[in-house]
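Descriptive analysis of the structure
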Amino acid sequence: GENKLLFPVEGVPLYRRVLSAYAGVPFARRVVVSRYPPVLSGALACGFAPVFNAGAEEGIAASVRLGAAAMQGLDGALFAVCDQPYLTTESIRRLLNAFMESPHRIHALSWRGERGNPVLFPGDLLGELAGLTGDLGGARVIRRHPERLSLVEAARARELWDIDRREDLLPAAGKDITE
């Protein structure tokens with residue numbers, strides 16, 4: 001019943017925690033796609049170009065299309081979600097370093113072989129991402145090109161946790177916060 005991206009995690013709105021993890025990483029372009037004005041204005045304040053998503057009701061593909069369009073002409077684009085409050089700059093840098101070593105591959109953050117987010121796609125796949133429809137995102141493109149997928153291990157399991165409800169932040173949710 002509320003916008004989870006505005007929910008405070010350790011005193012900081014969820015989306016800002018995630019954006020701060022990207023602050024020190026050298027990306028050529030930074031974009032936040034959202035339908036929420038507070039998120040867009042906060043993204044602008046954090047140095048990200050805000051892109052309003054008028055078609056959010058369609059599902060994740062609407063956001064991916066807008067993000068892919070904003071990244072055209074780049075060697076690659078990292079797609080992330082803003083509900084992973086424990087994502088670290090260290091793991092984002094690992095993804096970027098893996099991409100620099102193998103720029104033709106799709107690089108996804110993982111934990112013990114399980115693919116998660118964020119995912120860094122090479123530039124030649126941006127057209128496919130821009131053509132997605134419905135409520136499926138980049139996973140559809142990954143399934144079309146499984147031979148190009150490289151998993152990059154996160155520093156900790158909790159970096160891949162996504163928060164859907166307040167309860168997901170509690171140790172009682174069955175997650176070991178130290179992992």
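This write-up is about the structure you can find in this document. Everything numeric in this text was worked out from a predicted model, so none of it was measured.

What follows is about the state of the cysteines. By the definition in use, this model includes 0 disulfides. Cysteine Cys46 is unpaired, with the sulfur of Cys82 as its nearest cysteine sulfur at 9.7 Å. You can call Cys46 partly exposed: its relative accessible area is 32%.

Moving on, we come to the environment of Pro38. Turning to its location among the elements, Pro38 is positioned in helix 2 (residues 37-45). The contacts of Pro38, once residues within four sequence positions are left out, are Leu6 and Tyr15.

Attention now moves to the packing of aromatic side chains. Throughout the structure, instances matching the rule amount to 3 aromatic pairs. A centroid spacing of 5.8 Å and a plane angle of 80° characterise the contact between Phe79 and Phe121, whose relative ring orientation is edge-to-face. A residue pair is termed long-range when its members are at least 10 positions apart, and Phe79 in strand 5 (residues 76-79) and Phe121 in strand 7 (residues 114-122) qualify at 42 residues. Looking at Phe79, the relative accessible area reads 17%, which means it is buried. Ring geometry for Tyr86 against Trp161: centres 5.9 Å apart, planes inclined by 90°, an arrangement best described as edge-to-face.

Conventions used here
- Residues numbered from 1 in each chain as written.
- Predicted model: local features only at pLDDT ≥ 70, side-chain atom pairs only at ≥ 80, totals over all residues.
- Heavy atoms only, no water.
- Disulfide = S-S within 2.5 Å.
- Buried < 20%, exposed > 50% of the residue type's maximum accessible area, 1.4 Å probe, protein only.
- Helix = DSSP H or I, 4+ residues; strand = E, 2+ residues; numbered from the N terminus.
- Contact = heavy atoms within 4.5 Å.
- Phe/Tyr/Trp six-rings, centres within 6.5 Å; stacked < 30°, edge-to-face > 60°.

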